[in-house]
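Structural overview for review
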Amino acid sequence: MSARFPEGLAEILPMTAAISADGHLTIGGCDTVELAREFGTPLYVYDEAHLRDRCGQYRDSFAAEAESARVIFAGKSFCTLAMCRLVAEEGLYLDVASGGELATALAAGFPAERIYFHGNNKSESEICEALVADVGRIVIDSFEELARVAHLAREHGVRPRVLLRITPGIEAHTHEFIRTGQLDSKFGFGVEDGVAARAIKTAAEEPAVELVGVHAHIGSQIFLLHSYAKAVDVMIDFLAETKANLGVDLAELNLGGGLGIAYTADDTPETIAGYASTIVGEARRHAAERGIAEPMVAVEPGRSITGNAAVTLYEVGTIKEVPGIRTYVAVDGGMSDNLRPMLYGAQYEALTANRAHEERTREVTIAGKHCESGDVLIKDARLGAGLAVGDIIATPATGAYGWVMSNNYNAVPRPAVVFVADGRARVVVHRESYDDLLRNQEP
Ligand code: LLP
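Everything numeric here is computed off the predicted structure, so don't read it as measured data. (Residues numbered from 1 in each chain as written. Predicted model: local features only at pLDDT ≥ 70, side-chain atom pairs only at ≥ 80, totals over all residues. Heavy atoms only, no water.)

1. Regarding the site of the ligand
The full set close to the ligand counts 19 residues, and S220, E300, R303, R340 and Y401 are the nearest of them. Measuring from an oxygen atom of the ligand, one finds a backbone N or O atom of G258 at 2.8 Å. Taking a 2 Å distance to the grid points as the criterion, the majority of the atoms of the ligand fall inside the largest pocket. (Near = heavy atom within 4 Å. Polar contact = N/O pair within 3.5 Å; in protein donor to acceptor, adjacent residues only side chain to side chain. 1 Å grid on protein atoms, 1.4 Å probe; cavity = no way out; pocket = protein on both sides within 12 Å on 5 of 7 lines; lining within 4 Å. Sits in = over half its atoms within 2 Å of the grid points.)

Pasting the structure below:
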């Protein structure tokens, strides 16, 4: 039987994480120290069982609440061929937010009719790509876009099904950069200022598109389910008024994503089942109260499927003590593979993968390898007393918005991604080479 993780780590690690007899962190039955050796570092390691479990929890929890409910994986959190295939196998729908994400989904063989196409400024060519692929829904964000989609649909001789993105005016308690439901937002049509009602009228009168519903996304990393209940109420009120004032009956209510996850032991997220029953239950209750038919509810989870499924592995290269101040532990990655600490002040935990059972008694600062002082992954990380150069450090909960936001700052190649399951590891994204970095540059 394996040893136990120090307090607080089991909750944030992938579900199959364990400790081997020699004290190494294992995921999916694979020794992460060996993975680091075989595939190099930094390395993104995804637990396939965890990804499938979270897809299954979403599918089953929403199906239990309402037969018609749809779960749409937010591709942006980890858009790769392997993930699109896994999501298709698990029977979910897929949200893409650009032509590139759409191309990835189509290359993975994801069924186009299960794709939702998002974006607050889709280009004409992106719209054409979506029309040619015949995606299931296009989510329209502005009057200009409505006109653009209608015009291009006429040219292509198709009639896309569309939703309008509505800004419900909810201030979700989360970081300003990932909060989107408030009136002052670049996204969508505002309810409060009456623009949303005007947009519905315009879209309903536009014969080139089929208006089937509305969409709202109040933000990300949200811990309070009542924020969702509030958004549901605003949206149901809006649907009831749309019906009463405009005679437009809309069947689909898409509530976006945003369910928060645990990055550190201090985070206490809600369950997927609780989220499903809050959203569907509130939609049912309030629709009955307002005398309209219960809408078909859809959600778009990203982070809560992919976030805790992965860890990033790094190798410790230098340890610098600044006496009386702090100890800098420099690893071989940083802001090129995980931008979230620098962009949002996001907090992470760390553990030493080659001594995973070790009590974390030493406070250090884990810095990256980039030429800038702000390149700090974890300011006050706790690691074991035995910390040494050559150790493999794992940072849990990097599965969402990690690899997809990785970049080539300092001409650092983007890391590889492996999926692990049942004792086997497979590369799903290869590490970039220097040739990859130079590929699009004129010699
Ligand atoms: N649906 C829409 C329309 C969205 O804009 C988003 C996230 C989602 C669904 C998925 O939200 P999730 O369940 O993953 O929270 N880069 C930031 C997050 C930005 C999210 C933008 N939209 C981060 O690293 O936290």
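After presenting the structure, the write-up continues.
2. As for helix α5 (residues 124-133)
Taken together, the buried positions of α5 are E126, I127, A130 and L131. Taken around the axis of α5, the buried residues stretch over an arc of 135°, which confines them to a single face. Of the surrounding secondary structure, the elements contacted by the buried residues of α5 are α4 (99-107), β7 (115-117), β8 (137-140) and α6 (143-156). Note on α5: the residue one or two positions beyond its end, D134, has a positive phi of about 65°. (Buried < 20%, exposed > 50% of the residue type's maximum accessible area, 1.4 Å probe, protein only. Helix = DSSP H or I, 4+ residues; strand = E, 2+ residues; numbered from the N terminus. Arc of directions from axis to C-beta. Contact = heavy atoms within 4.5 Å.)

3. Structural notes on the side chain of T327
With respect to the secondary-structure elements, T327 resides in strand β15 (residues 326-331). Among the residues examined, T327 registers a relative accessible area of 8% and is labelled buried. Setting aside its immediate chain neighbours within four residues, T327 contacts I319, K320, E321, R362, V364 and T365.

4. Some remarks on the environment of V280
Inspection of the secondary structure assignment puts V280 in helix α9 (residues 272-290). Taking the C-alpha atoms as reference points, V280 and F62, 218 residues apart in sequence, are found 7.8 Å from one another. Dropping the residues within four chain positions of it, V280 is found in contact with F62, E65, A66, E294 and V297.

5. Describing the nonpolar core
Within the largest apolar cluster, 82 residues are counted, with the highest numbers of intra-cluster contacts made by Y46, F62, I138, L164, V214 and Y275. With nine residues, the single largest contributor to this core is helix α8 (residues 225-246). When neighbours within four sequence positions are excluded, Y275 is seen to be in contact with Y58, F62, L225, Y228, G256, G257, L259 and V299. Counting residues in hydrophobic clusters, the runner-up holds 26 residues, among them L25, C30, F39 and L43. (Core = buried A, V, L, I, M, F, W, Y, C linked by side-chain atoms within 4.5 Å.)

6. What to know about the pairing of strand β6 (residues 93-96)
Of the two faces of β6, the one carrying Y93 and D95 and the one carrying L94 and V96 are both buried. The parallel pair strand β5 (residues 70-74) and β6, bridged by helix α3 (residues 81-89), forms a crossover whose chirality is right-handed. In terms of strand pairing, β6 meets β7 through three bridges, oriented parallel. Along β7, the bridge assignment pairs D95 with Y116. Between β6 and its parallel partner β7, the chain crosses via α4, and the hand of that crossover is right-handed. (Right-handed = clockwise from strand over helix to strand, strands pointing away. Pairing = 2+ DSSP bridges.)

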